[in-house]
Amino acid sequence: MSSIGTGYDLSVTTFSPDGRVFQIEYAGKAVDNSGTVVAIRCKDGVVMGVEKLIASKMMLPGSNRRIHAVHRHSGMAVAGLAADGRQIVTRAKSEATNYESTYGEPIPVKELAERVASYVHLCTLYWWLRPFGCGVILGGYDRDGPQLYMVEPSGVSYRYFGAAIGKGRQAAKTEIEKLKLSEMTCRQGVIEVAKIIYGVHDEAKDKAFELEMSWVCDESKRQHQKVPDDLLDEAKAAAKAALEEMDAD
Amino acid sequence: VTNSAPSMINLIGSESDSQRTLYPYVTGTSVVGIKYKDGILLAADMGGSYGSTLRYKTVERLKTVGKHSIIGASGEISDFQEIMRNLDELILYDNMWDDGNSLGPKEVHNYLTRMMYNRRNKFNPLWNSLVLGGVKNGQKYLGTVSMIGVHYEDNHVATGFGNHLARPLLRDEWHADMTFEEGVKLLEKCMRVLLYRDRSAVNKLQIAKITEEGVTISQPYALKTFWNFSAFQNPTAGAEGSW
């Protein structure tokens, strides 16, 4: 559904005749071209996984983190322009510590999502600012249980059971819809997310990738952390096995 | 917390006085710390005095800082709470890197020194004397910082009255690689002397232990004291009518 917005796409403060702001849509394209990010909300927590496309063999594994902790209880996975993502993460961290400083309790995930969305939206309102070229998936665990939010470059934010952004999002969403999330624990969720990411990775177009995963769940004491190495290895093995099974058919 | 611009730093003047700490209100008394075989032991009572009144009796003056350190504070309790806010934020940001590294006791001690010294230079001190102890990668660390930023490390440290009453005992009886039981016994001896002789001491204390495995802060308990000295029996014998 792409169209050329000649003339109406030069500034984020210009509407097109059919009511679209093209600059924001173009920002969305930057997100669509990045490695897939998949996140699901299981019954006891949130699991997030990122397909980190490796640009060069010289890069050290484990560097270029795409998932960042925003507070003890929440984390953010970024897709799109990495530098823009850094800015959003920094802002989210700041909002979270500020809230806790003022109100004495960790920021509710809903509130954090609203503040991040608000900030992203801000950058779509002025001609001297450009929109963020990244989408963000925010997973957290507060008094109301585990929650998953997604913020798009337009500043729109929704709460999800399962979300995916980036190259393989369509295929990923189809896979997520097959899962019974309300009955799944995060331990099982980690395996499923790994399978999905390995599944949507396009071997032909992009060569190597590194899988980065994090979770916030009862097992991690409601703290956001990287998925423990042994579980991550288990997930990668299961994902590779599932791929081979598919290829064998 | 914004503070005075250089033009407002002024020792005399009631307007700028309201912007800085002049004297403490609710204070904690001594903290005593020693190194022992497996790590560090810290002891402090749970009293918060309001001048000469022993007003608050469940003040926790020993706190954990991250995975590797414990801090004990004497002096103004509200300033200690502010210090803890800063430290908690420091540790939070350190944890969020999620890179396998964490701030050790030496780093935290340095951070505290910077905080205290910079406030002192603005004539608006955090009115505390702090003890910082910890273990990281097998290395034991015990240090102290005063409200003017004086800092040093030693095998045993104390704040306030502890310097006068406990340190001499520790100089005589501390030795390297004490066991946990020996360490606690020595600390209790120091705390008992402080209880007898420091008017702001309260008979309810906690002992904190930190080793490579982690931190334990004990439940509050009281020391046994003895008051049946003959000199205390019938104290008005030589002066009838006095009390």
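Calculation criteria
Position labels on residues start from 1 in each chain and follow its written sequence. Lettering of chains starts at A and numbering of ligands starts at 1, both following the order in which they are written. Side-chain atom pairs in this predicted model are given and counted only at pLDDT of 80 or more, local residue features only at pLDDT of at least 70, and totals for whole chains, interfaces and linings cover all residues. Remark: hydrogens and water are excluded; side-chain values derive from all non-hydrogen atoms of the structure. Put simply, DSSP H or I for four residues or longer makes a helix, DSSP E for two residues or longer makes a strand, and each gets a number counted from the N terminus. In this setup the radius of gyration rests on C-alpha atoms only. A globule is expected at 2.2 Å times the number of residues raised to 0.38. Whether a residue is buried, partly exposed or exposed follows from its accessible area with a 1.4 Å probe, protein chains only, as a fraction of its type maximum: under 20%, in between, or over 50%, in that order. Note on contacts: a residue pair qualifies if any of its non-hydrogen atoms lie within 4.5 Å across the two residues. Throughout, the Shrake-Rupley method with a 1.4 Å probe supplies accessible areas, and for residues the shown protein chains are the sole cover considered. The disulfide criterion is simple: two cysteine sulfur atoms within 2.5 Å. By definition, pLDDT measures how confident the predictor is in each residue, and it falls between 0 and 100. Surface patches are defined over residues having more than 30% relative accessible area and no salt bridge, joining like charges when they lie within 9 Å and nonpolar side chains (Val, Leu, Ile, Met, Phe, Trp, Tyr) when within 5 Å. Here, a salt bridge means any Lys or Arg side-chain nitrogen found within 4 Å of an Asp or Glu carboxyl oxygen.

Participant: Give a description of the overall build of chain B that names residues and reports values.
Facilitator: Of the regular secondary structure elements, chain B holds five helices and 13 strands. A compact globule built from 243 residues should have a C-alpha radius of gyration of about 18 Å, and chain B, at 20 Å, falls within 12% of that. By its C-alpha atoms, chain B is 65 × 50 × 30 Å across when sized along the principal axes. For chain B, buried positions account for 42% of its 243 residues. If you take every contact in chain B between residues at least 6 apart in sequence, the share linking residues at least 24 apart comes to 62%. On chain B, roughly 13200 Å² of surface is accessible, and the fraction owed to carbon and sulfur atoms is 52%.

Participant: An account of the state of the cysteines is needed here, citing residue identities and associated values.
Facilitator: All names here are of chain A. In total, this model carries zero disulfides over all chains according to the counting rule given. Here Cys42 is not cross-linked by a disulfide; its sulfur's nearest cysteine counterpart is in Cys186, at 4.2 Å. Cys42 gets classed as buried once you look at its relative accessible area, which sits at 1%.

Participant: Explain the confidence of the model for chain A residue by residue, including any values.
Facilitator: The pLDDT averaged across chain A works out to 93; a share of 98% of its residues lies at or above 70. Across chain A, helix α3 (residues 109-122) of chain A holds the top mean pLDDT of 97, while helix α6 (residues 229-248) of chain A sits lowest at 91.

Participant: Give a detailed account of a nonpolar patch on the surface, specifying residues and quantitative values.
Facilitator: Residues Leu122(A), Leu125(A), Tyr126(A), Trp127(A) and Trp128(A) make up a contiguous nonpolar surface patch of roughly 600 Å² in combined accessible area. In this fold, Tyr126(A) is placed in the loop between α3 and β5 (134-142).

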